[in-house]
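# Fold and geometry: a report
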Amino acid sequence: MTSDQDNEKVVQQVFGDLPFPAHRWQLIAQAAVYGADSVTMAKLHRLPPRRYADPEEVTAAINASQHVRPRPRRYRPVVIPMGVKLRPLVVAVAAPD
């Protein structure tokens, strides 16, 4: 069974009773209530935020998004505002009796 067929099977199981058209957030909420695994949830979070007409459109969007390379995250350096003094972390340790 190919990955595309697996996606179609999962979509039919999870969204069988969801009324369509449905927004992406509704798909994610339904999958969370259903108890979908983390792989399925990650696939749903990668979908574009829009309204989906039917389960076949959801399957097509999942299959299309699987082959897209994710964008790298951009991290910003931590900036300490001027005038804020850095204080060392002090941890109180009780001395043994």
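Residues numbered from 1 in each chain as written. Predicted model: local features only at pLDDT ≥ 70, side-chain atom pairs only at ≥ 80, totals over all residues. Heavy atoms only, no water.

Among the secondary structure elements, valine 58 is positioned in helix 4 (residues 55–66). A C-alpha to C-alpha distance of 8.9 Å links valine 58 and leucine 44, two positions 14 residues apart in sequence. Aside from chain neighbours lying at most four places away, what touches valine 58 is Val11, Phe15, Phe20, Leu27, Leu47 and Tyr52. (Helix = DSSP H or I, 4+ residues; strand = E, 2+ residues; numbered from the N terminus. Contact = heavy atoms within 4.5 Å.)

Glancing now at unusual backbone geometry. A cis amide bond, omega 5 degrees, links phenylalanine 20 with the succeeding residue proline 21. Along the polypeptide, proline 21 turns up in the loop between helix 1 (3–14) and strand 1 (22–23).

The next thing to look at is the nonpolar core. Counting residues in hydrophobic clusters, the biggest one holds 15 residues, and the most contacted among them are Phe15, Leu27, Leu44, Leu47, Tyr52, Val58 and Ile62. Residue assignment for this core shows that the elements contributing at least two residues are helix 1, helix 2 (24–34), helix 3 (38–45) and helix 4. Sequence-distant contacts of tyrosine 52, defined by excluding residues within four places in its chain, comprise Phe20, Pro21, Ala22, Arg24, Leu27, Leu47, Glu57, Val58 and Ala61. (Core = buried A, V, L, I, M, F, W, Y, C linked by side-chain atoms within 4.5 Å. Buried < 20%, exposed > 50% of the residue type's maximum accessible area, 1.4 Å probe, protein only.)

On to the packing of helix 2 against helix 3, then. For the pair helix 2 and helix 3, interaxial distance at closest approach is 10 Å and the crossing angle is 175 degrees. In terms of orientation, helix 2 and helix 3 fall into the roughly antiparallel class. Residue-level inspection shows Arg24, Leu27, Ile28, Ala31 and Ala32 of helix 2 in contact with helix 3, the latter providing Met41, Leu44 and His45. The residue makeup of the contact of helix 2 with helix 3, split by class, is six nonpolar, one polar and one charged. (Axes fitted to C-alpha atoms, helices over the stretch in contact; angles between N-to-C directions. Parallel < 35°, antiparallel > 145°, perpendicular 65-115°, else oblique. Nonpolar A, V, L, I, M, F, W, Y, C, P; charged D, E, K, R; others polar.)

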